[in-house]
Amino acid sequence: KEGGLIQVAHACIEGFPCTPESAAYSSTAKQIQVDIQDGATVIELGPIVCLAVTSGLLFVGLLVSLFINCKRDRKIKQLKQAIENIEPEMEMEESNALHEPLLD
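Residues take numbers from 1 onward in each chain, read along the sequence in its written order. Restriction of local features to residues with pLDDT of at least 70 applies here, the model being predicted, together with a cutoff of 80 or more for giving and counting side-chain atom pairs; totals for whole chains, interfaces and linings are based on all residues. Side-chain numbers here rest on the full set of heavy atoms in the structure, without hydrogens or water.

Enquirer: Which parts of the structure should I look at to understand the overall build of the chain?
Expert: A count of helices and strands for the chain gives 2 helices and 0 strands. In the chain, buried positions account for 1% of the 104 residues. For the accessible areas, the method is Shrake-Rupley and the probe is 1.4 Å, while residue cover comes only from the protein chains on display. Approximately 11200 Å² of the chain is accessible, and the part contributed by carbon and sulfur atoms is 59%. Only DSSP runs of H or I reaching four residues or more are called helices, and only runs of E reaching two or more are called strands; each is numbered from the N terminus. Only protein chains enter the calculation, and the probe is 1.4 Å; a residue is then buried if its accessible area is under 20% of its type maximum, exposed if over 50%, and partly exposed in between.

What follows is the structure in structure tokens.
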């Protein structure tokens, strides 16, 4: 319908009837216009390319993050081993220095 909210477009497919079978039984569908379109089906590659690029960037980011975390973990382990290997320079004497009077 002109001025209606819905506009239905119909195209022919080779090997099938151009007019739908239901149109023969409907009294309101007498003004069916058939548009014959030549050409191939168009597939938009934009969203697919964007998805692939985004997925690739996220994967690379994941690999970089894993590499940095493993490197820091090794560094932390090395520092812990170095701290464990250091002998204390001064041994604490066990004394009751706090209990001794400050003034004699």
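Enquirer: Just to check I follow, could you spell out a nonpolar patch on the surface for this structure?
Expert: Together, Ile43, Leu45, Ile48, Val49, Val53 and Leu57 make up an exposed nonpolar region whose accessible area comes to about 610 Å². With respect to the element layout, Val49 can be found in helix 2 (residues 46–85). You can call Val49 partly exposed: its relative accessible area is 46%. For patch building, the residue pool is restricted to those with more than 30% relative accessible area and no salt bridge; the joining distance is 9 Å between like charges and 5 Å between nonpolar side chains (Val, Leu, Ile, Met, Phe, Trp, Tyr). Think of a salt bridge as a Lys or Arg side-chain nitrogen and an Asp or Glu carboxyl oxygen that are within 4 Å of each other.

Enquirer: Which parts of the structure should I look at to understand the pattern of salt bridges?
Expert: Opposite charge on two side chains allows them to pair when their charged atoms are near. The final tally for this structure, using the stated rule, is 1 salt bridge. The partner of Lys77 in a salt bridge is Asp73, with the nearest N and O atoms 3.7 Å apart. In this pair, Lys77 and Asp73 both sit in helix 2, 4 residues apart, roughly one turn of the helix.

Bear in mind that shape data such as this cannot, by itself, settle questions of function.
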